[in-house]
Amino acid sequence: MGPAAQPQSFEEWGAWVERALQVGNLDEATRGAQALAALRPREPHGLLLIAQVHLARGEMADAVSTLRTLAAVDPTSPIPFTNLAAVLLAMDLGTEALEAATEAVTRAPTDPTALERQGQAALLAGEHALAEGVFATLLRQRPSDGTAAVGRCRALLALGRKDEALEVLRACRRAGTSDTQVHLQEARLLRAAKRPTEALDILVAGIPLSLDVTPLWVERGDLLLEAGRSAEAIDALRTAIQLRPGYGPALLRLAVAFDRSGKADGAVAALQEVLESEPGNTGVRVLLGDVCFRAGRYTDAIIEYDEASRHDPKNAVALLHKADALRAKGEVPKAIEVYRAGLELQPADPIAWGNLAGCQHHLGWLPDALNSADKAVALAPSVPELWYQKGIIHHALGEYEEALMAANRALGLQPTLAPARALVARCAATLGESVPKRGSPVREAYLIYHDGRLVSHVGTEGEQSLDEAMVGSMLTAVSNFVADSFEHEGGASLGRLDLGQTTLLIEHWKTIFLAVRVEGSEPPGLRQQMRQVLIKVFDHFYEPLHAWDGELRAVDGVERLLREVFT
């Protein structure tokens, strides 16, 4: 576009702007837009081109203003409103976008673009019922429209209609969609429903359908990793990286897969590749340090933690993990110094307090060690190892009764903790007492959602769990109690189940049940303890358990709370 091609007419300037936008020459496109505005400031086609130039330059507010002017100039056309809705969606202005898209649909009720904008805007504005209806209309017109299927799926999920959402995606696949996102969304729903084999099948089916299938391979790798099939996960993630070299999400998951396979070198190489493009990513730096730490490469780990701290001096995780590495290297005084620095930033970390107590104990700083151990158990009273550590510090101080009490507390939480049992014996011998025979009658605990799905299971170490058939029978039996349970106020007792030689005590609170397998007769006070545990679990995990979607990561850590029923 040189001076010789200088346009003269409005139409020539319009063609000039279109060519400039096609080749990405924004300076020439801007010059053309200025000429259009000067020649015919209210001509619809000119206004649309001017808006496109503003968008190309990232001038969103100017684009909105120009499109509103266009809508005023040409109020019967859906085009200004459809384009305005697209810009407002890009600005995350859901309500305004919905207003514009609705105006477009009013003028062109069957126009797919206008309907798509309306559905997207309704989702963004939280109008899920409207969005569901709009995308349903689109799918009647175009059954293989992947964007509409995914949009309707999102709306149905927001409305709590998961089965319908899954069927929408399946119908779109049956109609022959080539949209990768349909397969990806269906796989994720099946994964959340604990149907990983079906999820993998969907991903395999979707892989040949699109040129951009990297997300499918990443999701497949994730599913294989979750299933413990690390070697297959590595192959899938390598394929993703071949399709899109340097793709961060694939590299991060590949590093995890290598790490779980004990292949530290592969994990390190993957993380270093991420850092080539993101040198300041402190999360990746810490992860790389953790990989080195688990491989026993403590010096390398410390280097990575230091680099993370250089980029983010207030990164408590980097400091505390560095302290762990220093401790592992035997540099205990340095470790103590770094633990203290990390705990100033993150004072509610019980494990860090416990590790600090261990270092102080190692150096013979017993009062300091006891103070740190007290803070650790106060923050995490259900961790048996912390109580054991508190016990051995009391023992070193000659406080044998306190040591015995702490060791017994550890055994109450984990009856098979051998070091705690040995500490009990040592304290009892010193005090001239016989070792008490401890042990909870509770052998297993099952946390069950009200529809019969198993949320979590914990058992006594070394105890043989119920077989799958027995668990299935138990879940069915518990499900049959649901209707009766809601007749009781405050989670009243549901009762007792005898399944062959197995006795189960069952309690209910809100949306969850606790089924406890006991050995011998029912001990006094156990039901009250079960109710207290249920209330604590529901309060702690209120958001996921209020309407649980089956995602186990949402209730990560619930096992520690369930173990309180064993004490």
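Placed above this text is the structure.
None of these values were measured; they are calculated from a predicted model.

Thresholds, definitions, all that
- Residues numbered from 1 in each chain as written.
- Predicted model: local features only at pLDDT ≥ 70, side-chain atom pairs only at ≥ 80, totals over all residues.
- Heavy atoms only, no water.
- Helix = DSSP H or I, 4+ residues; strand = E, 2+ residues; numbered from the N terminus.
- Buried < 20%, exposed > 50% of the residue type's maximum accessible area, 1.4 Å probe, protein only.
- Pairing = 2+ DSSP bridges.
- Expected span 1.5 Å × (residues − 1).
- Contact = heavy atoms within 4.5 Å.
- Phe/Tyr/Trp six-rings, centres within 6.5 Å; stacked < 30°, edge-to-face > 60°.
- Lys NZ or Arg CZ within 6 Å of the ring centre and 35° of its normal.
- Salt bridge = Lys/Arg side-chain N within 4 Å of Asp/Glu carboxyl O.
- Core = buried A, V, L, I, M, F, W, Y, C linked by side-chain atoms within 4.5 Å.
- Axes fitted to C-alpha atoms, helices over the stretch in contact; angles between N-to-C directions.
- Parallel < 35°, antiparallel > 145°, perpendicular 65-115°, else oblique.
- Left-handed = near helix turned anticlockwise from the far one by under 90°.
- Nonpolar A, V, L, I, M, F, W, Y, C, P; charged D, E, K, R; others polar.

Observations regarding the overall build of the protein chain
Reasoning step 1: Along the protein chain, the regular secondary structure elements total 30 helices and five strands.
Reasoning step 2: A total of 567 residues make up the protein chain; the buried ones form 48% of that total.

Focus on the pairing of strand β1 (residues 442-449)
Reasoning step 1: Among the eight residues that make up β1, eight are buried, leaving the element largely enclosed by the rest of the structure.
Reasoning step 2: Relative to strand β5 (residues 512-518), β1 runs antiparallel, the two being bridged by seven bridges. Bridge pairing in β5 links L447 to L514.
Reasoning step 3: Looking at chain direction, β1 and strand β2 (residues 454-459) are connected through five bridges and run antiparallel. Along β2, the bridge assignment pairs E444 with G459.
Reasoning step 4: Between β1 and β2, which follow one another and run antiparallel, lie four residues, and G452 among them has a positive phi close to 100 degrees.

Observations concerning helix α7 (residues 112-124)
Because an α-helix packs 3.6 residues into every turn, residues spaced three or four apart end up facing the same way.
Reasoning step 1: Its 13 residues give α7 an end-to-end C-alpha distance of 18 Å, which sits within 8% of 18 Å, the value for a rise of 1.5 Å per residue.
Reasoning step 2: Where α7 is concerned, the buried positions are A114, L115, E116, Q118, G119, A121, A122 and L123.
Reasoning step 3: Contact partners of the buried residues in α7: α5 (79-90), α6 (94-107), α8 (128-141) and α9 (146-158).
Reasoning step 4: Looking one or two residues past α7, G126 carries a phi angle of roughly 80 degrees, positive in sign.

Re the environment of G283
Reasoning step 1: Within the secondary structure, G283 sits in helix α17 (residues 282-294).
Reasoning step 2: Owing to a relative accessible area of 46%, G283 belongs among the partly exposed residues under this scheme.
Reasoning step 3: Measuring from C-alpha to C-alpha, the distance between G283 and Y305 comes to 9.9 Å, with 22 residues separating the pair along the chain.

Quick look at the packing of aromatic side chains
Reasoning step 1: Enumeration over the complete set of coordinates arrives at four aromatic pairs.
Reasoning step 2: Both rings, one in F538 and one in Y542, keep their centres 5.6 Å apart while their planes meet at 90 degrees; by these two values the pair is edge-to-face.
Reasoning step 3: Look at F538 and you get buried, because its relative accessible area is 5%.
Reasoning step 4: Over the face of the ring belonging to F566 we find R563, whose NZ or CZ atom lies 6.0 Å from the ring centre.

Section: the pattern of salt bridges
Reasoning step 1: One pass over the structure, following the stated rule, counts 32 salt bridges.
Reasoning step 2: In this structure, R191 engages E219 in a salt bridge whose closest nitrogen and oxygen atoms are separated by 3.2 Å. Linking R191 in helix α11 (residues 180-192) with E219 in helix α13 (residues 214-226), this pair joins segments that are 28 residues apart in sequence.
Reasoning step 3: With a relative accessible area of 7%, E219 lands in the buried category.
Reasoning step 4: Taking the shortest distance from any N to any O, the salt bridge between R531 and E507 comes out at 3.1 Å. Of this pair, R531 sits in helix α28 (residues 526-540) while E507 sits in strand β4 (residues 502-509), placing them 24 residues apart in sequence.
Reasoning step 5: Connected through salt bridges with shared partners, the residues R188, R191, E219, D222, E226 and R253 form a single ionic network.

Re the nonpolar core
Reasoning step 1: Formed by 121 residues in total, the largest nonpolar core has its most connected members in L67, A149, L169, L254 and Y339.
Reasoning step 2: With sequence-adjacent residues up to four places away left out, Y339 is seen in contact with L320, A323, D324, R327, A352, N355, L356 and C359.
Reasoning step 3: In terms of nonpolar packing, the next biggest core, distinct from the first, is built from 27 residues, Y449, V518, L526 and F541 among them.

Points about the packing of α6 against α7
Reasoning step 1: Taken N-terminus to C-terminus, the directions of α6 and α7 make an angle of 155 degrees; their axes are 8 Å apart at the nearest point. With respect to each other, α6 and α7 are oriented roughly antiparallel. In this structure, the crossing between α6 and α7 has a hand that is left-handed. Across the interface between the two elements, G94, A97, L98, A101, T102, A104 and V105 of α6 pack against A114, L115, R117, Q118, A121, A122 and L124 of α7.
Reasoning step 2: Split by residue class, the contact of α6 with α7 holds ten nonpolar, three polar and one charged.

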